[in-house]
Amino acid sequence: MSAPASGAGFALRQALRHGRHLLAENPLSLVAFVMMVSFLGLALLGQWIVPFDPLASDATAQLQAPSRVHWFGTDQVGRDILSRVVVATRLDLAISASAVVLSFAAGSVAGACAGFYGGWLERITSRVVDTIMAFPLFVLAMGIIVAVGTTLTNIIITIAVINFPSYARMARAEVNVRREAGYVEAARLAGNSPGRILALHVYPNCLPPLIVQASMNMGWAMLSVAGLSFIGLGVRPPTPEWGIMVSEGAAFMISGEWWAAFFPGLALMLAVLTFNLLGDALRDLVDPRRRT
Amino acid sequence: MLRMIGRRLAAALPGVIGVIVVTFLLNRALPGDPAAYFAGPAATPRAIEEIRVKLGLDKSLPEQFGLYVRDLVRGDLGTSLTTGQPVVADLRARLPASLELTLCGLLLAIAVGVPLGIFAATRPGSWADHIARVLMTMGNSMPVFFSALLLVYVFYYLLGWAPAPLGRLDAFTPPPGSVTGSFLVDSLLMRDGTVFLAAAKQLVLPTATLGLAALAPIARITRAAMLGVLASDYVRTARAGGLAPRTVLYVYALRNALLPVVTALGIVFAFLLGVNVVVEKIYAWPGIGSYALEAVMTSDYAPVQGFVLTMAMIYVALNLLIDILYGVIDPRVRIET
Amino acid sequence: MSGPLLAVREARKRFPVRGTRRWVHAVDGVNFTIEAGECLGLVGESGCGKSTLVRLVARLLEPTAGQILLDGQEIGSVPVTEFARGPLRAAIQMVFQDPADSLNPRFTAFDTIADPLARLGGVKDRRTQAERVAAVADLVRLPDELLGRLPHQLSGGQQQRVGIARAIALSPKLLILDEPTSALDVSVQAVILHLLVELRERLGMTYLFVSHDLNLVRLISDRVLVMYSGVIVESGPAGEVFTHPYHPYTRALISAIPVADPGGRRERIRLIGEPQSPVDPRPTVCRFYGRCPERFDRCLREMPALRAMGTSHEVACHRYEGGSR
Amino acid sequence: MTGEAGALLVVEDLSIEFRTREGIVRALERASFTVGQAETVGVVGESGSGKTITAHAVMGVLHPAGRVTGGSVRFRGADLLALGEEERRGYCGREMAIAFQNARAALNPIRPVGRQIEDVLLRHTDLGRSAARDRALELFARVQIPDPPRLHGAYPFELSGGMCQRVMIALAVAGSPALLIADEPATGLDVATQCAVLELIEELAHENRMAMLLISHDLGLVGERADRVVVMHAGHVVEIAPSAELFAAPRHPYTARLLATTPHPDSRLADLRPIPGSVPDLREALPPCRYRYRCERAAPECDEPPLPRVEITPGHFVACRRPL
């Protein structure tokens, strides 16, 4: 709306001061940011910049150690591991991001409505949440995938389902804190309908901690996707995917051919690390209690 | 106190019901016609129909659910196609292996994680704090199958310190007589040092893998809780009262900080139950996780369902235990309910 | 139009206590009126039910029983959500205790003030909105350049000006001031008090001024209600209640006011015991019994009702049977 | 600004900074005052004036983000800031003690209140366990807690705000300190309870010949009870005077305006004159006198450092170039 220039300038100055202090305090945030940009770049451009076809096997070059030609070595059927690791970035990021977005949207809206309206909506939501939370989540994911089959959509939905409770619970708690806040009463006095109050006054104010949660959750979703693939309940070979690649390389660890499992595992670890660090940085930014 | 436990028990009930309903629904959601699936590819339509009736699939959904609950109460989880054994018998035989591993991992994680978190919180900003924080972040980012494989590579292949990752005992050691099912406990009961050592050796790497995985969240929560408590008004009161640093740290700060840690233990345990499957696969551990995975490979659903159900029940039971423990520590819960 | 602007008759509000079958009797049969143009003060300690009472009057809560009449029209039975859409919503507005908490952290001062204008005043056109907001901001002396700021970029006093601007944007008939200065420093408190008095004169509003501080209520109210544990124990003209309090609770409150003069301390009235729980109080016992230094056995048998002690002064205490001390 | 002879506590030129995200807050600058034996000194100021921070610094429980950047705190002549941690702790609870504001949060939520008192007693006296328990019950009775044996085992969440404050006071006086710091002891309680709590503290101070530092934002409350008053504004001590003198003839423009803006039983609304401007942002560059931009007496000479400290009449100090 109408924001006189001096007000905007004031806000900008504060934000800059804030950001500068944060970076000075935690240079890791900057590293994480750079890493995230690199991963996004690989996800977007990966398939055009890799030196080899990630699916092309070569019977003459099986399980070769890292060399000048194959920087990360080759796997048991002679595919270039570097190319496969790079190309897998898009799939791994896309599955996790879709799942996180899905559970974020569903969980935050369901939780917010439950917390705001109460009644049967709240009872149903908390029943669903409690039921999902009664399972060890990864085990539940296994059960669902086995039952519904390993298609890409099913994997995404399954990961979204097991992450749903954390958003729903958090959103409900955040809404509960604010439901009786002065500005909500004031909005009522100003003639806002309950739906409008929830959508404009309550929900947006609950988002910051949820976004932090989403960033943290992204790493966990990637681990879950790769974990499912690793035990054979995720993406199917020969698609390049980090979890499958580690799984396929696992057998060779005992015989010393470490590279086949090592590089995809490392890529996965770095990606998860990136999102965890970003989550930490975001939380520092959002949570005033951690102000020192 | 008893009333509190009663309340907790009642509160755990909906969770149990939810678990049963979900496992039932998962069973019905199997792709394709379950009767045709169970009858095998060569079955005639009549044979399929017979199996449909035998499995109760011709009945309505609520009726099927009733039958399912009846079977559950009788301890009947169906029969495994792969082993030909009742699923319950298979699970019972393999559960101790899984529990022994998970509990060892959890204990290791608590034993290292809690002190690490306290250490980091009491020296904020020091190099020790920074190292602890890096460890925690790394630990949170490490895929378990990756750390497991690295441990195997380094300690088995490169250094040769650990035995081959092939189960609970090497080929030359006979298992101890079964009392509890835990090889460590049973061998001690039998006063058999050799078996104990052999079992312990096999346990080291998988336990370390689980411990490393659970260490990060435990240390992280301990550190955060401790930091919060150390900055609290009541710790300031204790300091202003001139109390000895030990009293302030242990009586005033740590006891309060343990409350969120105890709560978090449930989540960490659930996480370990999931991780367990991966670890059992890598170390060829004959637990219920690897049992379920074998069943997955052969599309044998009854064991998978039994596995999911068992894991969920263990988790519900543990949460109940944690709730009670929490009530013992925190008077606010104990007195108000 | 004759009759009071607002009349509250036998208003009651009960809340269930979670996990039990018991009830908190927050407001327990309250009667009072406010004349148009008057400033009525409502005094009581935290937890006495005054917040609940004003929320009933402001139509933010549904009363359990009783009537609320605005200009003779019953509004207490209109459901809260329906009332929020009705034409009378703009007539009763409120200024909140904690200015930081009562402003949406994501709304600029402009958006906050424009909200009631758009919702209730039908002012949706951006330019008209800007004009009206600027006019109201001018009334509360909020500088234009602050309108684009978010609450956390404003000082406590400025935040409260935004809160007042929002409440008076549609010139309400009744403005409820719920401890409008208790979260502010004394230096800011005086500014806001002056502003409120000035606005009442200029806009001809009626005030219901709520505070725990009798000394403050005295300064700007014409009449005072003293509330204790869900009931009104004394009411009367502000000056008279302050100089000639009857109820032991009112006298204790007044004697507790510091006089700031090192030599001239007053005789303090010491209350005994602890405040009583408002959960299912016994209906036949005076609410103040547990703390009253002047109690006697009748107070345990019968709850005293408000009795006239002169032209417009009322007190609910058995000590003042028959209209005298 | 000190009359040091025989003073129990001497705070001299104490400066404290806080590191925050938005920069360094100079929360306290060269604050000086004294507290004599058995004397009650009031500290008054609006929020952010530095009064609580001063109390925390004296007790050595400053928030980790805060740092003493200069000055000294001397108790019976010993410089507390120069002492080692162990020695420093010897003073806390035994020589000086503090009753914090918001008592409920200041008590350990999962330890019975009686045990919390015993912790202090066991630390600072030679009492054994059962003797400490008896003494704790005595203390509870002394602070007018009903039914001490029952409440000995109670937890803070079971007690009312007033009761928590009484426990806090019992905790503070358990070690028989020579100096009691009471930081907003009555804030957050209802008016009648406030009064009772303050009177209890006064009685205890009188009985045990305890010196007291009474911190409050309420000028009236402090003026009524303190022998001398320290007025603070934006991290500066602006005036120190005997109570009667301060109220009769304030010399710092801020004190005068603060008096004029505080309602008292005889004042009328027209008498309340607001203080112009607002408390300055302590992160920004500040003039030598931090009241400079709110002051109607300000003149160019006020921009000359340093902030003056004038003993305008014996025992009456004012930090102003143009006092009233």
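This structure is a prediction, so every number in the text was calculated from the model and none was measured.

K.L.:
Just checking my understanding: could you explain the packing of helix H5 (residues 87-122) of chain B against helix H12 (residues 288-297) of chain B for this structure?
P.N.:
For any two helices packed against each other, the geometry is given by the interaxial angle and the distance between the axes. Residues and elements named next belong to chain B. It is at 7 Å that the axes of H5 and H12 come closest, and there the two elements cross at 135 degrees. On the basis of the axis angle, H5 is oblique to H12. From H5, Val87, Asp90, Leu91, Arg94, Leu95 and Ser98 reach across to H12, where they touch Ile288, Gly289, Ser290, Tyr291 and Glu294.

K.L.:
Hey, could you run me through the interface of chain B and chain A in this one?
P.N.:
Interfaces are frequently sized by the accessible area removed from exposure as the parts join. Listed as interface residues are 46 residues of chain B and, on the opposing side, 45 residues of chain A. Carbon and sulfur atoms make up 80% of the area that chain B and chain A hide from each other, which totals about 3700 Å². Of all residues in chain B, Phe145, Phe146 and Leu149 of chain B give up the largest surface area on contact with chain A, accounting jointly for 16% of the area buried on that side. If you look at where chain B meets chain A, you find 1 salt bridge. The residue Arg220 of chain B makes a salt bridge to Asp280 of chain A at a minimum N-O spacing of 2.6 Å.

K.L.:
Can you walk me through the sheet that holds strand S1 (residues 7-20) of chain D in this structure?
P.N.:
Strand pairing in a sheet relies on backbone hydrogen bonds. The paired strands run either parallel or antiparallel. Residue and element names in this part refer to chain D. With antiparallel pairing, 4 strands are arranged side by side in an open sheet as S2-S1-S4-S5. Looking at the sheet topology across the chains shown, the edges are occupied by strand S2 (23-36) and strand S5 (78-79). Where helix H1 (residues 51-59) meets the sheet, it contacts S1, S2 and strand S4 (66-75), and its direction lies at approximately 110 degrees from that of S1.

K.L.:
How should the pairing of strand S1 (residues 6-16) of chain C be read in this particular structure?
P.N.:
Residue and element names in this part refer to chain C. Of the pairings in the sheet, the one linking S1 to strand S4 (residues 65-70) comprises 5 bridges and is antiparallel in character. By the bridge assignment for S4, Leu6 is matched with Leu70. Sheet topology places S1 next to strand S2 (residues 23-34); 9 bridges connect them, and they run antiparallel. Its bridge partner being in S2, Arg14 is matched across the sheet by His25. Following S1, the chain reverses through 6 residues before pairing antiparallel with S2; Gly19 in that reversal takes a positive phi of roughly 80 degrees.

K.L.:
So what exactly am I meant to see when it comes to the pattern of salt bridges here?
P.N.:
A side chain with one charge can pair with a side chain of the opposite charge if their charged atoms come near. Within this structure, the stated rule accounts for 56 salt bridges over all chains. Between Asp233 of chain B and Arg236 of chain B there is a salt bridge, with its nearest N and O atoms 3.7 Å apart. Here Arg236 of chain B and Asp233 of chain B lie together in helix H10 (residues 233-240), a separation of 3 residues that amounts to about one turn. Between Arg257 of chain D and Glu296 of chain D there is a salt bridge whose closest N-O contact spans 2.7 Å. One end of the pair, Arg257 of chain D, is in helix H11 (residues 253-261); the other, Glu296 of chain D, is in the loop between H11 and strand S11 (310-313), with 39 residues separating them in the sequence.

K.L.:
Got a minute to help me understand the pairing of S4 of chain C in this structure?
P.N.:
For a regular strand, side-chain orientation follows a simple rule: the groups alternate between the two sheet faces. All names here are of chain C. Here 2 bridges tie S4 to strand S5 (residues 73-74), and the two strands are oriented antiparallel to one another. The partner of Leu69 across the bridge, within S5, is Glu74. Here S4 hands over to S5 after 2 residues, with Asp71 in that stretch at a positive phi of 55 degrees.

K.L.:
What is the right way to look at the interface of chain C and chain A in this model?
P.N.:
Contact residues are listed per partner, giving 31 residues for chain C and 27 residues for chain A. Considering only the surface of chain C that becomes buried against chain A, Leu60, Arg106 and Arg119 of chain C emerge as the three largest contributors, covering 20% of it. The interface formed by chain C and chain A includes 1 salt bridge. When the shortest N-O distance is used, the salt bridge between Glu185 of chain A and Arg55 of chain C registers 2.7 Å. Mapped by element, the contributors of at least two residues to the side of chain C that touches chain A are helix H2 (80-85), strand S6 (92-95) and helix H3 (109-119) of chain C. The biggest single contributor to the side of chain C that touches chain A is H3 of chain C, with 5 residues.

K.L.:
Teacher, can you tell me more about the sheet that holds S4 of chain C here?
P.N.:
All names here are of chain C. Here we have 4 strands laid out as an open sheet, ordered S2-S1-S4-S5, and antiparallel in their pairing. Pairing within the sheet leaves two strands with one partner each, and these edge strands are S2 and S5. Each of S1, S2 and S4 is contacted by helix H1 (residues 50-57), which is oriented at about 60 degrees to S2, the strand it contacts most.

K.L.:
Looking at this structure, how should I read helix H4 (residues 113-124) of chain D?
P.N.:
An α-helical turn contains 3.6 residues, so any two residues separated by three or four positions project in the same direction. Between its terminal C-alpha atoms H4 of chain D stretches 17 Å, which fits the 16 Å expected from 12 residues at 1.5 Å a residue. Taken across its 12 residues, H4 of chain D has 9 buried, putting it largely inside the fold. Residues of H4 of chain D that are buried: Val113, Gly114, Gln116, Ile117, Glu118, Asp119, Val120, Leu121 and His124 of chain D. On its buried side, H4 of chain D packs onto helix H11 (245-282) of chain B together with helix H2 (85-91), helix H5 (129-142), helix H6 (148-152) and helix H7 (161-173) of chain D.

K.L.:
Before we go on, may I ask you to explain H1 of chain C in this structure?
P.N.:
All names here are of chain C. The buried fraction of H1 is high, at 7 of 8 residues. Taken together, the buried positions of H1 are Lys50, Thr52, Leu53, Val54, Arg55, Leu56 and Val57. Phi for Arg59, located one or two positions after H1, is positive at around 60 degrees.

K.L.:
What's the story with the environment of Cys320 of chain D in this structure? I'm lost.
P.N.:
Residue and element names in this part refer to chain D. Along the chain, the position of Cys320 falls in the segment after strand S12 (316-318). Considered as a pair, Cys320 and Cys289 are 31 residues apart in the sequence and their alpha carbons are 7.7 Å apart. The contact partners of Cys320, leaving out residues within four places of it in the chain, are His252, Pro253, Pro308 and Val310.

K.L.:
Teacher, can you tell me more about unusual backbone geometry here?
P.N.:
If a residue is not glycine, its phi is most likely negative; likewise, a peptide bond is most likely trans. Cis geometry is found at the peptide bond from Pro237 of chain A to Pro238 of chain A, where omega equals 5 degrees. If you trace the backbone, Pro238 of chain A turns up in the loop between helix H8 (194-230) and helix H9 (242-253). Residue Pro306 of chain D is reached from Pro305 of chain D by a cis peptide bond, and omega for that bond is -10 degrees. Within the fold, Pro306 of chain D resides in the loop between H11 and S11. In this structure, Asp280 of chain C is a non-glycine residue whose phi angle is positive, near 40 degrees.

K.L.:
Would you explain the state of the cysteines in this entry?
P.N.:
The bond known as a disulfide is covalent and runs between the sulfur atoms of two cysteines. As enumerated under the stated definition, the model contains 0 disulfides over all chains in all. Sulfur of Cys317 of chain C: no disulfide; nearest cysteine sulfur belongs to Cys292 of chain C and is 6.1 Å away. According to the relative accessible area criterion, Cys317 of chain C is buried, its value standing at 8%. Lacking any disulfide linkage, Cys289 of chain D is separated from the closest cysteine sulfur, that of Cys302 of chain D, by 6.2 Å.

K.L.:
Looking at this model, I keep getting lost on the packing of helix H1 (residues 2-28) of chain B against helix H13 (residues 301-329) of chain B. Mind explaining?
P.N.:
All names here are of chain B. Two elements in contact, H1 and H13, have axes whose closest approach is 10 Å; the angle formed by their N-to-C orientations is 165 degrees. Viewed along their axes, H1 and H13 adopt a mutual orientation that is roughly antiparallel. The crossing of H1 and H13 is right-handed. In this structure, H1 contributes Met4, Ile5, Arg8, Leu9, Ala12, Val16, Val19, Ile20, Thr23, Phe24, Leu26 and Asn27 to the contact, and H13 contributes Tyr301, Gln305, Val308, Leu309, Ala312, Met313, Val316, Leu320, Asp323, Ile324 and Gly327. Classifying every residue of the contact of H1 with H13 by side-chain character gives 17 nonpolar, 4 polar and 2 charged.

K.L.:
Help me understand the arrangement of the chains, please; the structure alone is not making it clear to me.
P.N.:
Most contacts, compared over the 5 pairs of chains touching, are made between chains A and B. Chain B makes no contact with chain C; the smallest distance between any of their C-alpha atoms is 9 Å.

How each quantity is defined
- Per chain, residue numbering runs from 1 following the sequence as it is written.
- Numbering of ligands from 1 and lettering of chains from A proceed in the order in which they are written.
- It should be noted that, the model being predicted, local features are given only for residues of pLDDT at least 70 and side-chain atom pairs only at 80 or more, the latter also being counted only at that level, while totals for whole chains, interfaces and linings use all residues.
- Calculated side-chain values reflect all of the structure's heavy atoms, with hydrogen atoms and water omitted.
- Here the axes come from fitting lines to C-alpha atoms, over the contacting stretch only for helices, and the angles between their N-to-C directions go from 0 to 180 degrees.
- By definition, any uninterrupted DSSP run of H or I lasting at least four residues is a helix, any uninterrupted run of E lasting at least two residues is a strand, and each is numbered from the N terminus.
- Angles are sorted into four bins: roughly parallel if under 35 degrees, roughly antiparallel if over 145, roughly perpendicular if 65 to 115, and oblique for all others.
- Contacts were defined at the residue level, with two residues in contact if any of their heavy atoms lie within 4.5 Å.
- In short, buried area is how much 1.4 Å probe accessible area vanishes from two parts on joining, totalled over both.
- For this document, the term salt bridge refers to a Lys or Arg side-chain nitrogen within 4 Å of an Asp or Glu carboxyl oxygen.
- Two strands are said to pair when DSSP picks up at least two bridges between them.
- In this scheme, a helix's expected span is set at 1.5 Å multiplied by one less than its residue total.
- Exposure categories follow from relative accessible area, calculated using a 1.4 Å probe and restricted to protein chains: below 20% of the type maximum is buried, above 50% is exposed, and the middle band is partly exposed.
- Here, two cysteine sulfur atoms that lie within 2.5 Å of each other are counted as a disulfide.
- With the far helix as reference, a near helix turned anticlockwise by less than a right angle produces a left-handed crossing, and one turned clockwise produces a right-handed crossing.
- As a working rule, the residues Ala, Val, Leu, Ile, Met, Phe, Trp, Tyr, Cys and Pro are called nonpolar, Asp, Glu, Lys and Arg charged, and the rest polar, with Gly in that last group.

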